[in-house]
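# Remarks on the overall topology
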Amino acid sequence: MRKTTYTAGDPPYLRIVAAIRRRIADGELAPGDRVPSTRQIAGEWGVALATATKALTALRLEGLVEARPRIGTVVAGTAPAAPARRRPSPGANSEQELSLDRIVRTAIEIADAEGLTALSMRGVAARLGVAVMSTYRYVPSKEDLVLYMADAAFGEESYPADAPEDWRTRIELGARTLWSLYRKHPWLAQLGCLTRPLLVPNLMVHGEWALGALDGHGLAPTTLFDIHVLLYSHVQGLAAHLESEAHAEAATGQSEDQWMDSRAPALRELVGSGRFPTFTKLVGTFEDGYDLNLDALFAFGLKALLDGLAPIVEDQKTSAELSTPRPPA
């Protein structure tokens, strides 16, 4: 790889690009290895997140790195020679091609690869190669951008026009569809909460699908909506851990297994204390440790919920008993 030298007078992002390129050329970073994230670059070089994003964008445009969802930015499979340097800057062509859809899709790419905390209006503009004020012509604020992102992400999956007649089949399809979207975009689970729901049209599409499955079974309106909220909370609640684990791994530099290994002394102390006999007995039965698999927990929990809800949805008498007015709060 041909090395390119930058002087102290170059913009900070170009000096960062040169430093990371040298690490790749020297073999310190091999193909598939993660390069420093925007936050790590900001901390190591003492620059703003937007500058860090601009550096990663320049490396990506050169073909040296690529973004992989939920992994981050990694060294590309082959590292091409460094091209003659041309400082990327906002240009007329980029401005002319700018659109709300491009801004939203670029923001989703950043959030998918590095998490929602790495997202900024400046970072999006840097990746698009435009002035930050250009993006504000389409999106008033980061908060508005996140809403556009959520609506676009939830709209990536739809449902068949001919819905299954069986309520359980329909609910299961809806839950698995939502789970697949959270799996694809883990940051979605960090938006909104049950008490302050995210009100965007494409999330309502999934809600309407579930409500339609439960409607027509003689359920009181409150009971029907309670069931809907309970089912949604199962999906969203488990999905929240997808993004949390990604943040934890980025912050500690340890995978889930590595982190658990580092806590082995604390676990042995708990087991050896004699205070928790049931826990000790169970842990002793796991030959290779307990595998906390979120996909398996999702499927197991969904089946348990549907099994428990079946008598309520299908038994008119049970439904009527649950429809009594609630006591005042």
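Anything mentioned here points back to the structure above.
Below or above, wherever it landed, is the structure these notes cover. (Residues numbered from 1 in each chain as written. Predicted model: local features only at pLDDT ≥ 70, side-chain atom pairs only at ≥ 80, totals over all residues. Heavy atoms only, no water.)

### Section: the overall build of the protein
Our working rule: Only DSSP runs of H or I with at least four residues qualify as helices, and only runs of E with at least two residues qualify as strands; both kinds are numbered from the N terminus onward. Think of it in three bands: residues with accessible area under 20% of the maximum for their type are buried, residues over 50% are exposed, and the middle band is partly exposed, with areas taken using a 1.4 Å probe on protein chains only. The criterion used for residue contact is that any of the two residues' heavy atoms lie within 4.5 Å. Residue-level accessible areas treat just the shown protein chains as cover; the underlying method is Shrake-Rupley with a 1.4 Å probe.
For the protein, the count of helices and strands is 16 helices and two strands. Put simply, the protein has 329 residues, and 39% of those count as buried. Considering only contacts within the protein whose residues lie at least 6 apart along the sequence, 70% involve residues at least 24 apart. When the accessible area of the protein is evaluated, it comes to approximately 18,300 Å², of which 55% is carbon and sulfur surface.

### A short note on the side chain of His185
With respect to the helices, strands and loops of the structure, His185 is situated in the loop between helix 9 (167-184) and helix 10 (201-214). When near neighbours in sequence (up to four residues on either side) are disregarded, His185 contacts Ile108, Asp112, Ala153 and Glu156.

### Thoughts on helix 9
In plain terms, the rule: A helix is expected to span 1.5 Å for every residue after the first.
The terminal C-alpha atoms of helix 9, which comprises 18 residues, lie 26 Å apart, in line with the 26 Å expected from a rise of 1.5 Å per residue. Within the span of helix 9, buried status applies to Trp167, Arg170, Ile171, Gly174, Ala175, Thr177, Leu178, Trp179, Leu181 and Tyr182.

### Examining the environment of Val205
Relative to the helices and strands, Val205 resides in helix 10. For the pair Val205 and Gly174, spaced 31 residues apart in the sequence, the C-alpha separation amounts to 10.0 Å.

### Examining the packing of helix 1 (residues 12-25) against helix 2 (residues 38-45)
Rules: Axis definition: a line fit to C-alpha positions, over the contact stretch in the case of helices; interaxial angles, taken between N-to-C directions, run 0 to 180 degrees. An angle below 35 degrees is read as roughly parallel, one above 145 as roughly antiparallel, one from 65 to 115 as roughly perpendicular, and any other as oblique. Three residue categories are used. Nonpolar comprises Ala, Val, Leu, Ile, Met, Phe, Trp, Tyr, Cys and Pro, charged comprises Asp, Glu, Lys and Arg, and polar comprises the others, including Gly.
Contact geometry of helix 1 with helix 2 gives a least axis separation of 12 Å together with a crossing angle of 110 degrees. Accordingly, the angle class assigned to the pair helix 1 and helix 2 is roughly perpendicular. Counted together, Ile16, Ala19, Ile20 and Arg23 of helix 1 and Ile41, Glu44 and Trp45 of helix 2 form the full contact between these two elements. Residues of the contact of helix 1 with helix 2, tallied by class, amount to five nonpolar, no polar and two charged.

### Considerations on the pattern of salt bridges
In plain terms, the rule: Think of a salt bridge as a Lys or Arg side-chain nitrogen and an Asp or Glu carboxyl oxygen that are within 4 Å of each other.
By the definition in use, this model includes nine salt bridges. In this structure, Arg23 engages Glu44 in a salt bridge whose closest nitrogen and oxygen atoms are separated by 2.5 Å. Placement of Arg23 in helix 1 and of Glu44 in helix 2 is noted, with a sequence separation of 21 residues between them. For Arg23, a relative accessible area of 18% translates into the label buried. When the shortest N-O distance is used, the salt bridge between Lys303 and Asp307 registers 2.9 Å. Residue Lys303 and its partner Asp307 are both found in helix 15 (residues 294-314); the two are separated by four residues, about one turn of the helix. Each of Arg105, Glu156 and Lys184 takes part in salt bridges that share partners, so that together they form one network.

### Things to note about a nonpolar patch on the surface
Note the following rule: Like charges are joined within 9 Å and nonpolar side chains (Val, Leu, Ile, Met, Phe, Trp, Tyr) within 5 Å, but only among residues with over 30% relative accessible area and no salt bridge; these make up the patches.
Judged by side-chain polarity, Leu282, Phe286, Tyr290, Leu292 and Leu297 come together as a nonpolar surface patch covering roughly 460 Å² of accessible area. Structurally, Leu292 can be placed in the loop between helix 14 (277-285) and helix 15.

### What about the side chain of His234?
Note the threshold: The definition of a polar contact used here is a pair of N or O atoms within 3.5 Å, where within protein one atom must be able to donate a hydrogen and the other to accept one, and adjacent residues in sequence count solely through side-chain atom pairs.
Within the secondary structure, His234 is located in helix 11 (residues 221-252). For His234, a relative accessible area of 14% translates into the label buried. At 3.0 Å, the side chain of His234 forms a polar contact with the backbone oxygen of Phe298. At 3.3 Å, the side chain of His234 forms a polar contact with the backbone nitrogen of Leu302. Once you skip the residues sitting within four places of it in the chain, His234 turns out to touch Leu297, Phe298, Gly301, Leu302 and Leu305.

### Topic: the packing of aromatic side chains
Basically, it comes down to this: Two rings belonging to Phe, Tyr or Trp (six-membered ring only in the last case) form a pair when the distance between their centres is within 6.5 Å. Interplanar angles under 30 degrees mark stacking, angles over 60 mark edge-to-face geometry, and anything in between is tilted. To sit over a ring, a charge needs its Lys NZ or Arg CZ within 6 Å of the ring centre and within 35 degrees of the ring normal.
Taken as a whole, this structure holds four aromatic pairs when the rule is applied. Summarising the aromatic geometry, the rings of Tyr159 and Trp209 are spaced 4.4 Å apart at their centres and angled 10 degrees between planes, so their arrangement reads as stacked. Here Tyr159 is found in the loop between helix 8 (142-154) and helix 9, whereas its partner Trp209 is found in helix 10, with 50 residues between them in sequence. A single burial state applies to Tyr159 and to Trp209, both of which are buried. Geometrically, the ring pair formed by Trp179 and Phe298 is stacked, given 4.8 Å between the ring centres and 5 degrees between the ring planes. You can see Trp179 sitting in helix 9 and its partner Phe298 sitting in helix 15, a full 119 residues away along the chain. The same class applies to Trp179 as to Phe298, namely buried. For the cation-ring pair, Arg170 lies above Trp209, with the distance from its terminal atom to the ring centre recorded as 4.2 Å.

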